[in-house]
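Per-entry structural report
Here's the letter readout for the chains.
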Amino acid sequence: MRKYVAAAVAALGLAASAVSASADDWAPPGPIKLMIAFAAGGGADTQARLVADALETRLGWQFIPEQVTGGGGVNLLRAMQDEPNDGTVIGMIVAESLGYNLFTADVGLSPADFTPLTTTAGAQMGIVSRSDTGWSSFEDMIAAGQGGQEIRFGVMSPRLADVAYLLGQAQGVDLNIITVRGGRAVLNGVTAGDMDVGFMAGIQGAGVAAGDLVNLASAMSTPLVQTPDAPLIGDLGIEFSADAFFMFVAPGGMADAPRNALSSAIAEVVSDPETEAGALIQRAFGGPLLIQGADLEALVTQGFDESSVLLDTVSD
Amino acid sequence: MGVLDYIWLGVQAVFWGPEAFTLLGVYVSVTVLMVLAGFLLGIAVGATPGLAGPFAMAISLPILISVFGYSPDALLPIMGFLIGIMKGATIGGAVPAILFNTPGTPDAFMTTLDGFPMAERGQAQKALRIAHFSSAAGDTFSDLVLFVCAPFLAILVEAYLDLPEKAALLILSLSFIAAVIGGSPAKGLISIGLGLLAVYVGTGEDFYPRMSLGSEELSRGFPITTAVLGVLIIGAVFKSLEEYWGERRHLDPAQTPPQAGDQRLHWADIRRLLPYIGRSAVIGTAIGALPGVGSTMAATLGYTVGRGRYQKSKSARDPQFGEGAPEGIAATEAANSSVSGANLIPVLSLGIPGNAAAVFLILAADSLGGFNPGPAVFRFSADFVNPELVVVFGLFTCMVIANLFNWTIGGVFMRSMGFMINIPKSLLLPSVLLLTLTAIYVQETRLEAVWFALGFGVLGYFMRVLAISPLPFVVAFILGKTLEETSRQAYSATGNDPFFLVSSPVALIFMCLSVAVIVLSGRKPKGSAE
Amino acid sequence: MPAVSRSNLILGLVCVAFALGVALIWVPLDTHTGIIERVRGRYSIGDALAPTVATMFILLGGVWLALFERRARSQSVIDGDQLRFISAMTGVVVLGVLIMRYTGPALIELINQFRSDPLEYRLLRNTPGWRHVGFLLGGVFMVTGMVSIVEHGVSRRAVVTGLVATLLLIVVFDLPFEDLLLPPNGDV
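So, the overall build of chain A
Per the secondary structure count, chain A includes 11 helices and 10 strands. Compactness check: chain A gives a C-alpha radius of gyration of 19 Å against a globular reference of 20 Å for 316 residues, within 12% of the reference. Once the C-alpha set of chain A is aligned to its principal axes, its extents read approximately 65 × 40 × 35 Å. Each of the 316 residues in chain A was classed as buried or not, and the buried ones make up 57%.

This is the structure in structure tokens:
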């Protein structure tokens with residue numbers, strides 16, 4: 001997957017991509033239910049609501065946001081099953097929800113049952129530790145682990161736990177993997193000393209800039225913007241990475257007109273730093289990352305299919 | 001970023017926050033307005049027998065969230081309002097207690113003992129002034145203790161407690177609350193068990209939502225608003241209405257005897273009252289810092305200690321406690337009001353709610369996001385700003401502002417609230433119930449939430465009938481997930497040690513205390529189950 | 001000596017039975033991971049542990065009640081009057097909620113009998129008028145019903161209270177805010 005994503009990102013760049021013009025004439029037949037898979041008040045939830053606000057102002061479409069949390073996004077996907085696909089229902093999730101989480105939930109659904117619309121941004125996922133551990137590089141941490149030190153690695157999702165485990169195995173270190181709820185919990189845990197290192201999806205920015213935290217490696221298939229020299233996870237012995245994308249999705253079988261209209265509208269507001277949504281994306285992620293249409297479909301399908309490989313590798 | 005920097009940031013956030021506006025060229029801070037509005041509402045609600053501060057907090061929260069939105073910017077205005085209610089209600093309860101011999105809030109019961117006799121002698125206004133002064137003094141004292149202790153405690157916990165100790169501390173808190181609330185630790189344990197069971201439905205790490213009976217409605221678990229509002233508010237409404245329903249005769253509109261004489265509070269009076277206020281403030285603060293022990297016990301203890309001292313030092317002319325002694329009012333009001341600030345110590349420093357008001361503050365923080373009360377909040381980091389810490393100091397600022405309002409206009413407003421007792425409960429409470437259900441629906445937008453809330457309401461009713469206190473249920477519901485997550489993490493972090501709860505000395509001490517507190521509480525002589 | 005109430009004993013035994021039932025039957029059947037699970041080469045706490053611990057609290061409380069508090073001086077009972085009261089109140093509330101849920105769609109169905117181009121409640125749910133009708137009727141019914149039960153009789157002021165309360169709620173929640181949904185508009 002990581003090779004694919006690297007190529008896609010390189011091809012698309014970080015600018016808005018053009019989408020077919022047939023989207024222009026479509027309007028929703030009624031108010032649009034916006035299902036949000038994230039807890040109220042958090043950064044992701046704010047992003048979704050700001051996008052809705054911007055679309056309301058720009059196009060006059062009405063949105064009714066609704067929290068549907070839990071199951072790593074799978075609850076939202078299941079609830080979306082029975083909803084109409086005429087453009088009056090969309091949802092915001094992370095790509096992992098349609099991939100690994102949907103696969104392991106084993107509820108008889110696959111990405112083919114949904115219509116992916118567009119991604120909005122990619123989180124700057126890094127492997128981060130406190131600078132007072134004395135580690136300034138990934139190798140330092142591995143050396144400590146191989147020297148017998150017990151290393152507590154914080155993760156915030158089951159897939160990340162699997163990836164961390166494989167990373168440890170590949171490097172010959174038996175990591176103590178601690179699953180917590182949400183990226184902030186990893187940050188808190190690392191800062192408090194409950195954990196030594198963990199995955200952080202952009203929330204490490206301020207700490208790294210201040211020198212309290214250090215990016216040991218990039219968990220994505222591309223280098224970290226803040227620490228471009230940190231090694232990529234794919235070069236550390238495993239073939240899986242931890243890219244994280246926010247994306248919008250709709251019930252399966254949606255016709256092209258509503259699909260393209262929604263995708264391009266969302267892409268537009270997210271790329272425009274004049275809107276609050278665009279400004280948030282700029283601040284938090286350094287700019288939008290837009291993958292749409294068939295490209296996005298391929299991405300999520302690959303994530304789904306790759307999950308069985310990941311799970312098999314872990315259980316060896 | 002030192003302490004002073006954060007204090008200044010907190011003050012700034014309150015006065016020059018993102019939600020401010022200008023009126024006639026004068027800059028107005030929305031948060032300050034919210035504190036004022038909440039304070040006045042709190043006094044009004046406290047002065048209404050049958051309604052208590054938590055009711056007002058429960059009802060205002062969804063309305064406030066709708067006004068301000070779900071963003072962390074809304075934290076200070078909304079929590080400022082809730083804090084205002086909290087402080088207003090502690091003085092409001094004395095009003096009908098003094099004027100009509102009916103406590104407005106349960107902890108004002110002891111105030112009737114000396115307040116009403118004073119009113120009967122024509123000294124009602126003076127009694128109200130005494131109650132207000134004592135309340136405000138006790139409240140301010142406990143706030144100061146809070147400002148100092150909460151950060152200190154949080155930093156201690158963060159520095160010295162690892163995951164297993166944190167899990168053990170949570171268990172100790174739950175046991176403590178079970179043991180001290182009500183007369184029966186057994187019923188407290190049952191209440192906690194039910195609360196934990198309720199929060200574990202539909203949650204869990206595995207993708208299959210546990211205990212959901214395969215239904216989609218239960219697969220997301222019970223939303224926290226439904227459990228908290230259902231058991232605390234709807235259950236209380238049902239019980240209150242049932243009592244009204246059962247009364248064959250209803251009281252006529254209450255009347256106060258005519259007032260005469262000098263109603264002002266002189267320095268001489270204040271000097272005489274100060275020792276009693278001081279003692280009660282310390283008692284109330286100490287009791288308030290313990291989760292689960294409430295203002296009613298503080299008021300009782302303050303009164304009892306005050307009476308003991310009074311007997312020794314009073315002259316023959318002075319009335320006894322219970323016959324209209326001003327010291328009686330001072331002793332009990334200072335105690336029950338100094339609980340309110342101290343009650344926030346466990347919740348702000350450890351994330352453990354010790355009473356209903358703290359429960360609603362956690363509910364607000366949970367709904368809005370961006371603030372997770374707990375030790376992690378008090379991290380004074382070197383170079384970058386910790387937004388949660390700014391919020392805490394903003395909250396402290398709100399409390400200071402509320403106290404200022406209390407000292408200035410609190411007394412006047414409180415003395416004008418006598419009429420609230422005449423609002424018929426039979427009309428008010430059903431409206432409150434509809435309001436609660438509507439507020440729950442507006443927040444959750446699914447009808448199942450209403451059904452769940454109703455179910456919890458019926459459960460809360462039966463619990464009250466059986467004298468099983470609902471507060472441990474709610475606290476267990478709130479802490480249950482944290483307890484499970486901390487335990488899971490502790491188990492992983494200690495390398496799968498199954499005895500992680502007892503392998504470290506601190507954790508072992510906490511666990512032994514948990515058992516001890518239940519056993520000791522069970523052995524004390526049993527009065528009637530409260 | 002007055003007969004000692006047995007209600008604590010009964011309550012205790014009921015709790016014990018409930019706790020055992022949940023711990024031994026419901027939890028194992030309805031969780032997919034057990035108490036301890038082996039994942040990624042290590043053991044971790046499964047989903048069943050926490051609910052089982054919860055039942056232990058209830059079990060302990062029930063045993064304590066039955067053994068040590070059975071002779072407590074004052075014990076609480078549930079009497080028939082209270083059961084009747086709570087059933088009546090719950091019934092009124094349930095009915096009120098159902099009225100809120102189905103009035104709108106039912107009216108639409110009725111109107112559709114006379115229209116060639118059928119309307120859909122779902123698409124109309126944000127328009128003023130349609131979005132209030134269910135809530136208004138249900139809310140008035142609920143409050144009036146509850147007041148009437150408590151006051152042992154229907155009165156004009158009960159109905160007025162219901163109207164005032166419901167209208168106030170509409171004014172507070174619905175009119176100022178675009179995003180908020182009164183029942184049942186979030187579900188249809």
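A closer look at the nonpolar core
Membership of the largest hydrophobic core comes to 344 residues, with the highest contact counts inside it found for A:Phe199, B:Leu82, B:Ile98, B:Phe360 and B:Val474. Setting aside residues no more than four positions away along its own chain, B:Ile98 makes contact with B:Thr111, B:Gly115, B:Phe116, B:Ala119, B:Ala124, B:Ala127, B:Leu128 and B:Ala131.

What about the domain arrangement of chain A?
Residue and element names in this part refer to chain A. Segmenting chain A into domains produces domain 1 (2-122 + 244-314) and domain 2 (125-236). Here domain 1 and domain 2 have C-alpha centroids that lie 27 Å from each other. Tallying the contact residues gives 15 residues for domain 1 and 13 residues for domain 2. Elements represented by at least two residues in the side of domain 1 that touches domain 2 include exactly helix H1 (2-12), helix H4 (95-105), helix H10 (276-285) and helix H11 (293-314). A per-element tally of the side of domain 1 that touches domain 2 places H1 first, with 4 residues. Of the residues that constitute the side of domain 1 that touches domain 2, the class distribution is 9 nonpolar, 4 polar and 2 charged.

A closer look at the sheet that holds strand S4 (residues 114-122) of chain A
Residues and elements named next belong to chain A. Spatially, the 5 strands line up as an open sheet ordered S2-S1-S3-S10-S4, and their pairing is mixed. Looking along the sheet, the strands with just one partner apiece sit at the ends: strand S2 (63-67) and S4. Each strand of the sheet is rotated relative to its neighbour by a mean of 25°, with strand direction disregarded. Here 4 bridges tie strand S3 (residues 89-94) to strand S10 (residues 245-251), and the two strands are oriented antiparallel to one another. By the bridge assignment, Val94 is partnered in S10 with Phe246. Across the sheet, helix H2 (residues 43-59) touches strand S1 (32-36), S2, S3, S4 and S10, and the angle it forms with S2 is around 170°. Along the sheet face, helix H9 (residues 256-271) touches S3, S4 and S10 and points at about 10° away from the line of S4.

Side note on the sheet that holds strand S5 (residues 125-130) of chain A
Hydrogen bonding along the main chain pairs the strands of a sheet, whether they run parallel or antiparallel. All names here are of chain A. Strand order in this open sheet of 5 strands is S7-S6-S8-S5-S9, and the pairing throughout is mixed. Only two strands of the sheet have a single partner each, and these edge strands are strand S7 (176-179) and strand S9 (213-218). Ignoring strand direction, the axes of neighbouring strands in this sheet form an average angle of 35°. One ladder, built from 5 bridges, connects S5 with S9; its direction is antiparallel. Bridge pairing in S9 places Ile127 opposite Ala217. The strands touched by helix H5 (residues 138-146) within the sheet are S5, strand S8 (197-201) and S9, with S9 carrying the most contacts at an inclination of about 90°.

As for unusual backbone geometry
Even without being a glycine, B:Ala467 presents a positive backbone phi close to 60°. As for its position among the elements, B:Ala467 is in the loop between helix H18 (447-465) and helix H19 (470-493). Phi at C:His152 is positive, roughly 60°, even though this residue is not glycine. Taking the C-beta count within 10 Å as the criterion, C:His152 has 10 such neighbours and is therefore assigned exposed.

Let's talk about the packing of H2(A) against H10(A)
All names here are of chain A. Across the interface, H2 lies against H10 with an axial gap of 8 Å and an inter-helix angle of 150°. Contacts between H2 and H10 involve Gly43, Thr46, Gln47, Leu50, Val51, Asp53 and Ala54 from the first element and Glu276, Ala277, Leu280 and Ala284 from the second. The residue inventory of the contact of H2 with H10, partitioned by class, reads 6 nonpolar, 3 polar and 2 charged.

Comments concerning the environment of B:Ile233
Residue and element names in this part refer to chain B. Mapping Ile233 onto the fold places it in helix H10 (residues 224-246). For the pair formed by Ile233 and Pro54, sequence separation is 179 residues and the distance between their alpha carbons is 8.1 Å. Apart from the residues lying within four places of it in its own chain, the contact partners of Ile233 are Phe55, Ala58 and Thr436.

Criteria and thresholds
- Residues numbered from 1 in each chain as written.
- Chains lettered and ligands numbered in written order.
- Predicted model: local features only at pLDDT ≥ 70, side-chain atom pairs only at ≥ 80, totals over all residues.
- Helix = DSSP H or I, 4+ residues; strand = E, 2+ residues; numbered from the N terminus.
- Rg over C-alpha atoms; globule rule 2.2 N^0.38 Å.
- Buried ≥ 20, exposed ≤ 12 C-beta atoms within 10 Å, placed from the backbone.
- Core = buried A, V, L, I, M, F, W, Y, C linked by C-beta atoms within 7 Å.
- Contact = placed C-beta atoms within 7 Å.
- Domains from an automatic or database assignment.
- Nonpolar A, V, L, I, M, F, W, Y, C, P; charged D, E, K, R; others polar.
- Pairing = 2+ DSSP bridges.
- Axes fitted to C-alpha atoms, helices over the stretch in contact; angles between N-to-C directions.

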